Every structure is written in C-alpha cells, then in structure tokens.
Amino acid sequence: MSRIVMVGGRAAVQTHANRYKRFDDATVCGIVGPANESFDNLDAPVYNSVVLALREGDVDGVDICGSGALHDDTLNAALDAGIPIRCDPPFALDAGQFNRFVSEKSNEDGWLMAHSPHRFSRLYSRLRSDIETGAIGTIGVARIKRTAPFDGPGWNTSYAGITDVTDHIEVLCSVLAHDIDVLEWTFGAIGRVFARARSGEQYDHAHAVLTFRNGGRATIETTWSKACTPSPRVDVEYSGNHGRLKFNERDASTALEETSKPLTVDPPHDDCRGRVLRKFVSHIQNDKKPSSSITPTTPSRVTVAVRQSIDEGRPITIGEESL
C-alpha cells in the first residue's frame, strides 16, 4: 500500500483524494495545507509543512495538487528526502528557479513527475493519434482557448485561492503550462514564444503564440471573467494542409466532432487526472528510479519563456541547450 501525502488547497486536495480512495493500493496518510481549511471525508492528519509530514509519517510519495512552481519548498524538501513527487506543470516560473532545480536535483534519490493530466486524456490522445496518422497533414496552426468565470464550478474552482497567495500572471502561466505540455507532446519541441497578459476588474487574460521547431505554430489563451462565461469554455482546433480536427466542451463527454465512435464519460479514478495519479502510484510501486529524475522538463522551460515574454514584452527564443 503506497502512502501518499497531498499538498495544496482544499478544492484541489479533495479532487485528488476522491481518486486515491478508489485505488486499492494507495492511501492518503497526510495533508499539507492551510490550517484554517477543513477537508471532507479525509481521515488523515493535516500538517503545516511537508518537512513535518515526512518526519512524522512513513511516506512513499508526495502529490502536489497543482502547479509545482507555487510549492518550491515542498519540491525541494521531498527530493532532498529521496521521496518521489508529482505535480502539475510548471515546476518553475523563472529561469533561475528552473536552472537551479534541474542542476541541483537531477542527482537526488527521489524523482519528480510533472506531466499535465491532459496527456492522459482520451480525447487528447485520440487527437495525437490522428495527427500521427496524417489526419491533418503538415501542421499549420493549433489553437486552444479556455474561458471561465471567477467563481464557478469546474477546473477553475481554486483560482481565487491561488491568487490570494501569488499574482495573476503566475496563475495564468500555470494554466497555459498544461496546454504547452500537450502541444509539445503532440507536435514536438517549441522554439519560440511571444505572450501577453492583462488584468482588470472584469477579467484576467493571457495569450501566447508558440512556434514549433519542425514548423507550424500554436495560439493558446485563457481568460477568467466576472461576466457570464461564453459557451464553450474549452475550444481546441488543430489545422493542417490536409484537414482539421477540433473539439470543444460540448464534445468532451461524447466524442470529437468528426468521428462516429463516441467516448463515454470516465469515472473519477479513470479520467485524465485519475490516470496520471495511477501512473504516479505505479512508478512508486515499481521501486525503480526513472531514467530521468525530472520529467518532463521542457514544458516548464517553455512556460518560463512565456513568463519572461510577458514581463519583457518581446518574443523569446528557447535555446537548444535548454531543451
């Protein structure tokens, strides 16, 4: 039985706990979170730091329920203790943090798994398979757009809580990192980025243009708004010289628009987030250190470039040596 310590805010921790409790080979043995938050149906002690959780319990893995970049102390403490750790991308938001972490932690006994759950989505996997079999030909433009209300159900529930402890640009970049990860997984290395972000009383918005090293480009954007959220909230389109693939939120529980084989809604333990947690637990139980201590690194490196582009107002080229 793998003993997992979860780290994060209430909404994110509850989401992951709901999946772990459906696994018969993993259990939550501790939670690191704000002392003023309560957790429903979780029979596990709450700690104010991962150092204390590791000291007081027999821990097999640490699961950061959100962006690793917002939990730098947890990443360092777990890897220093030789404990496997999982987080959402990015694990860094500036070049100094990224370079220091990769250079200092690559030889630790522990390891970090930082894939976006999108990689484990059956819809994104189907899109990637179709791309590989030539459904769109040569990539032209990939577009991903997400919109959500400040206060509403779904993947954005923790937005207000995160912006209480960090600025909106870091939060927006952390959301873009998921799309950066799945786009690089689908189309290959990204060589150049140009991004902008805006914030106001009515909305927070970020927009990035990415250029792939093998040709083609992508645009990704995310918006939180006080106004009514337009439908669909998620819109994905991949276009090439031979065709186009797309889906939006209305398709997500059924199928891609251009296929006749439907996809039923996955149960929590087998949705994309459930599958990434299953992969994490499986790696722990294999008791064998992955070939790379930190994987993947490039989506976080690209997100660092996106943040730099926003700060400096110019395109950023990502050097080959950083990939």
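Check the entry above for the structure.
These notes cover the structure that comes with them. (Residues numbered from 1 in each chain as written. Predicted model: local features only at pLDDT ≥ 70, side-chain atom pairs only at ≥ 80, totals over all residues. Heavy atoms only, no water.)

### Observations concerning the packing of helix α7 (residues 168-187) against helix α9 (residues 298-312)
So, point 1. Running from amino to carboxyl end, α7 crosses α9 at an angle of 135°, the nearest separation of the two axes being 9 Å. Put simply, α7 runs oblique to α9. Relative to α9, α7 is oriented so that their crossing is right-handed. Between α7 and α9, the contacting residues are I169, E170, C173, L176, A177, I180, D181 and E184 on the first element and T298, P299, V302, T303, V306, R307 and I310 on the second.
So, point 2. Partitioned by chemical class, the residues of the contact of α7 with α9 number nine nonpolar, two polar and four charged. (Axes fitted to C-alpha atoms, helices over the stretch in contact; angles between N-to-C directions. Helix = DSSP H or I, 4+ residues; strand = E, 2+ residues; numbered from the N terminus. Parallel < 35°, antiparallel > 145°, perpendicular 65-115°, else oblique. Left-handed = near helix turned anticlockwise from the far one by under 90°. Contact = heavy atoms within 4.5 Å. Nonpolar A, V, L, I, M, F, W, Y, C, P; charged D, E, K, R; others polar.)

### Overview of the pattern of salt bridges
So, point 1. Here the structure, examined in full by the defined rule, presents 13 salt bridges.
So, point 2. A salt bridge links R119 to D181; the nearest nitrogen and oxygen atoms lie 2.6 Å apart. On the criterion of sequence distance, the pair formed by R119 in the loop between β6 (112-113) and α5 (122-132) and D181 in helix α7 is long-range, its members being 62 residues apart.
So, point 3. Under the relative-accessibility criterion, R119 is labelled buried at 18%.
So, point 4. Residue D181 is classed as buried on the basis of its relative accessible area, which comes to 0%.
So, point 5. Here E312 and R314 are joined by a salt bridge, their closest N and O atoms 2.7 Å apart.
So, point 6. Note on R314: relative accessible area 39%, which makes it partly exposed.
So, point 7. Within the structure, one salt-bridge network assembled from shared partners comprises D63, R86, D88 and R273. (Salt bridge = Lys/Arg side-chain N within 4 Å of Asp/Glu carboxyl O. Buried < 20%, exposed > 50% of the residue type's maximum accessible area, 1.4 Å probe, protein only.)

### Here's the deal with the environment of T27
So, point 1. Inspection of the secondary structure assignment puts T27 in strand β2 (residues 26-32).
So, point 2. When the C-alpha positions of T27 and R3 are compared, they lie 5.2 Å apart, and in sequence the two are 24 residues distant.
So, point 3. Discounting residues that sit within four places of it in the chain, T27 has contacts with M1, S2, R3 and I4.

### Describing the sheet that holds strand β13 (residues 294-295)
So, point 1. Read from one edge to the other, the open sheet built from seven strands follows the order β3-β2-β1-β4-β5-β6-β13, with strand pairing classed as parallel. Of all the strands in the sheet, just β3 (46-47) and β13 have a single pairing partner and so form its edges.
So, point 2. For strand β5 (residues 85-88) and β6, the ladder comprises two bridges, and the chain directions are parallel. Residue R86 lies in a different strand from β6, and its bridge partner there is M113. (Pairing = 2+ DSSP bridges.)

### Overview of helix α3 (residues 72-80)
So, point 1. Regarding α3, the residues found buried are T74, L75, N76, A77, A78 and L79.
So, point 2. Buried residues along α3 sit against β1 (2-7), α2 (50-56), β4 (61-67), β5, α4 (95-105) and β6.
So, point 3. Directly beyond the C-terminal end of α3, a positive phi value near 75° is found at G82.

### Quick notes on unusual backbone geometry
Most peptide bonds are trans, and most residues other than glycine sit at a negative phi.
So, point 1. Cis geometry marks the peptide bond from P89 to P90, where omega comes out at -5°.
So, point 2. Structurally, P90 can be placed in the loop between β5 and α4.
So, point 3. Residue P296 follows T295 across a cis peptide bond; omega there is -10°.
So, point 4. Take P296: it is sitting in the loop between β13 and α9.

### What to know about α4
So, point 1. Every buried residue of α4 is accounted for by Q97, F98, F101 and K105. For α4, the angular spread of buried residues about the axis comes to 100°, placing them on one side.
So, point 2. Close packing links the buried residues of α4 with α3, β6, β13 and α9.
So, point 3. Put simply, D94 is the residue that caps the front of α4, since its side-chain oxygen is 3.0 Å from the backbone nitrogen of G96. (Arc of directions from axis to C-beta. Polar contact = N/O pair within 3.5 Å; in protein donor to acceptor, adjacent residues only side chain to side chain.)

### Comments concerning the side chain of H118
So, point 1. With respect to the secondary-structure elements, H118 resides in the loop between β6 and α5.
So, point 2. Ignoring anything within four residues of it in the chain, the contact list for H118 reads Y124, R146, H178, D179 and V182.

### Overview of the pairing of strand β9 (residues 203-212)
So, point 1. Judged from the nine bridges that link them, strand β8 (residues 190-199) and β9 form a sheet pairing that is antiparallel. Residue pairing for β9: R198 is matched across the bridge by H205.
So, point 2. Hairpin remark: β8 followed by β9, antiparallel, with three residues in the connecting loop.
So, point 3. As defined by bridge partners, β9 adjoins strand β10 (residues 217-225) across nine bridges and the pair is classed as antiparallel. When the sheet's bridge partners are listed, A208 is paired in β10 with I220.
So, point 4. Between the end of β9 and the start of β10, which pair antiparallel, lie four residues, with G215 showing a positive phi angle near 105°.

### With respect to the packing of helix α1 (residues 10-20) against helix α8 (residues 272-286)
So, point 1. Two elements in contact, α1 and α8, have axes separated by 10 Å at closest approach and are oriented at 65°. When the interaxial angle is binned, α1 and α8 end up roughly perpendicular. When you trace α1 past α8, the crossing you get is right-handed. Between α1 and α8, the contacting residues are T15, H16, R19 and Y20 on the first element and R273, G274, L277, F280 and V281 on the second.
So, point 2. Tallied by class, residues from the contact of α1 with α8 come to four nonpolar, three polar and two charged.

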